[in-house]
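# Observations on the model geometry
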Amino acid sequence: MSSSPIQTLPVLPLRDIVVFPGMVVPLFVGREKSVKALESVVKANNKIILVSQKNGSQDAPTKEDLYLVGTTATVLQLLRLPDGTVKVLVEGVSRATITGFTDNEEFYEVTSEPLDEPVGDPVETEAMFRSVISKFEEYVKLNKKIQPETLGAVSKITSPSVLADTVAAHMSIDIPAKQEILEIINVAARLEQVYSLMESEIGVLNTEKRIRSRVKRQMEKTQREYYLNEQLKAIQKELGELDGEKDENSELEEKIKKTKLSKEAREKCESEFKKLKNMSSMSAEAGVIRNYLEWMVALPWKKPTKVKRDLPAAQKILDYDHTGLEKVKERILEYLAVQARTKSIKGPILCLVGPPGVGKTSLARSIAKATGRNYIKISLGGVRDEAEIRGHRRTYIGSMPGKLIQSMKKSKSSNPMILLDEIDKMGNDFRGDPAAALLEVLDPAQNKQFNDHYLEVDYDLSDVMTMVSPKTN
């Protein structure tokens, strides 16, 4: 404590600012008590104590809402504005502690006592003095809010106390942290606190700088890719106009986005399309990939037709299309009744056996009509190559999917009714056994993941109603 006499001075509560000794600060004052306090100071040519509020949002702070350590200041200039507020220019002089409040009702008035500022160990203080200046240079380079001229002004300061206060005033720290520095009267300790806060702030600023740099690089990469893609589109459009051709890649990409593919199929299509974009449209491989993607987007992955389960209507259709064949129609209705009850097509597979001309194919067509499914017929007579069922791998010239996948594309729905005709006329040779490949189509436990060699991804055939018809003579 100082030996200076206790003074009775008006108080100006401050929101969101801490004024240090030596600072010249413009303030806008609008509260009635604060305006009266300033008027009394101007009349008496006296000083005023600037004290920060603990909560800046309070319009009428009480004694408990004010810090007890503030700054004694002189009023350099006072200007009344038309809206009733007062603009005042104050200069901090010295630290002061509030020892008590008076009973003045017009404005806040306190008894205060100036605080001495012991320097401490001169050697330690000088070391901290130099460290703070060096650290402040680093801080200014990172904090763009501080003007470069401030560094020149700070470097000319010779007083450790003034240096600590000036640096604290320019730091981007909160009010409690600045108030804590104001309350430290030992100069060496104050310099150390300022240095510690700068060290912490520099760490945060370095992190922000790294984040900004990373974000900037990502934005530059995105902008660069966007710019190049726009250029590529413009070039392709120009070439398309010259050649009279549309941009096939853009159309294909749009089809891939719109088609309801399975997760595996979408990943495969996106991977293949990425390859396609990076190669010349004149290359042979580009044609193979484009043909593959055209097949993928043309298939009905998740496009079922509405299945009818109306048995009386099915009986009418069968009776209308076929005269007689009562036992056959009865067995078909039993088959459809089981499916309607279980709401599943898992179970026995209908086999229509009979000589040519008895109506096997027309019965199958009637069943498809009665159930609301699209009808597809696959003739298997003379098929000896397994690739006819499973498809050829894309490494072969002119490769295509197998008959099953071709039929699915033709049906344009994911739940058609397929008649496998002449199934008994298939053969096998050195090219494999196509009958064995059909097991994966007919077996309900396997057909959910039917793998065609051409597609290279699993295709779901579990919703397909399958019927077989041997060709008996």
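Residues numbered from 1 in each chain as written. Predicted model: local features only at pLDDT ≥ 70, side-chain atom pairs only at ≥ 80, totals over all residues. Heavy atoms only, no water.

### Quick look at the overall build of the chain
Under the convention used in this document: By the criteria applied, helices consist of DSSP H or I runs no shorter than four residues and strands consist of E runs no shorter than two, each listed in order from the N terminus. Every radius of gyration here is taken over C-alpha atoms, with the globule rule written as 2.2 Å times N^0.38, N being the number of residues. Partly exposed residues are those whose accessible area sits between 20% and 50% of the maximum for their type, while under 20% is buried and over 50% is exposed, using a 1.4 Å probe and protein chains only. With residues, only the protein chains shown are counted as cover, and all accessible areas are computed by Shrake-Rupley using a 1.4 Å probe. In this tally, Lys and Arg are treated as positive and Asp and Glu as negative; His is ignored, and so are the chain termini. In plain terms, the charge of a residue is placed at NZ if it is Lys, CZ if Arg, CG if Asp and CD if Glu.
Looking only at helices and strands, the chain has 15 helices and eleven strands in total. Relative to its length of 473 residues, the chain is extended, with a C-alpha radius of gyration of 44 Å against a globular reference of 23 Å. Taken along the three principal axes of its C-alpha coordinates, the chain extends 130 × 55 × 45 Å. Counting the 473 residues in the chain, one finds 40% classified as buried. Put simply, the chain shows about 26700 Å² of open surface, and 52% of that area lies on carbon and sulfur atoms. For the chain, the separation between the mean place of its 70 positive charges and that of its 68 negative charges on side chains is 9 Å.

### Thoughts on the layout of surface pockets
Keep this limit in mind: A 1.4 Å probe that fits but cannot get out identifies a cavity on a 1 Å grid over protein atoms alone, an open set with protein on both sides within 12 Å along at least five of seven lines counts as a pocket, and a residue lines either if it has an atom within 4 Å of a point. Grid points are joined across faces, edges and corners, and a volume is the space filled by probe spheres set on the points. For this classification, Asp, Glu, Lys and Arg are treated as charged, while Ala, Val, Leu, Ile, Met, Phe, Trp, Tyr, Cys and Pro are nonpolar and the rest, including Gly, are polar.
Estimated volume of the second largest pocket: approximately 290 Å³. Ser262, Trp301, Lys302, Tyr459 and Asp460 are the residues nearest the centre of the second largest pocket, which is lined by 13 residues in total. Split by residue class, the lining of the second largest pocket holds three nonpolar, three polar and seven charged.

### Thoughts on empty space enclosed by the protein
Over the atoms rolls a probe the size of a water molecule, and its path tells where empty space is left. Applying the stated criterion to the full structure yields three cavities of 30 Å³ or more. For the largest cavity, the calculated volume is near 150 Å³. Within the residue set of the lining of the largest cavity, elements represented by two or more residues are α15 (434–442) and β11 (465–469). When grouped by side-chain class, the residues that make up the lining of the largest cavity number ten nonpolar, four polar and one charged. Empty space within the second largest cavity amounts to approximately 80 Å³.

### Quick word on helix α2 (residues 122–142)
The α-helix winds at 3.6 residues per turn, so residues separated by three or four positions along the chain end up facing the same way. This is how the line gets drawn: How far a helix is expected to stretch is found by multiplying one less than its residue total by 1.5 Å.
With 21 residues, α2 extends 30 Å from end C-alpha to end C-alpha; this agrees with the ideal 30 Å at 1.5 Å per step. When α2 is considered as a whole, its buried residues turn out to be Thr125, Met128, Phe129, Val132, Ile133, Lys135, Phe136, Tyr139, Val140 and Leu142.

### Focus on the environment of Phe107
Note the cut-off: Two residues form a contact once any of their heavy atoms are found within 4.5 Å.
Within the secondary structure, Phe107 is located in the loop between β5 (86–101) and β6 (109–114). As for Phe107 and Glu183, which are separated by 76 residues in sequence, their C-alpha atoms are 24 Å apart. Setting aside its immediate chain neighbours within four residues, Phe107 contacts Pro10, Lys33, Lys36, Ala37 and Ser40.

### Details of the pattern of salt bridges
The criterion, for reference: For this document, the term salt bridge refers to a Lys or Arg side-chain nitrogen within 4 Å of an Asp or Glu carboxyl oxygen.
Tallying each qualifying case throughout the model produces 21 salt bridges. A salt bridge links Glu456 to Lys268, with the shortest nitrogen-to-oxygen separation between them at 3.0 Å. Here Lys268 lies in helix α8 (residues 263–277) and Glu456 lies in the loop between β9 (450–451) and β10 (458–459), a separation of 188 residues in the sequence. Residue class for Lys268 comes out partly exposed when judged on its relative accessible area of 22%. Its salt-bridge partner being Lys377, residue Asp421 comes within 3.3 Å of it at the nearest N-O pair. Residue Asp421 is found in strand β8 (residues 417–421), and its partner Lys377 is found in strand β7 (residues 375–379); the two are separated by 44 residues along the sequence.

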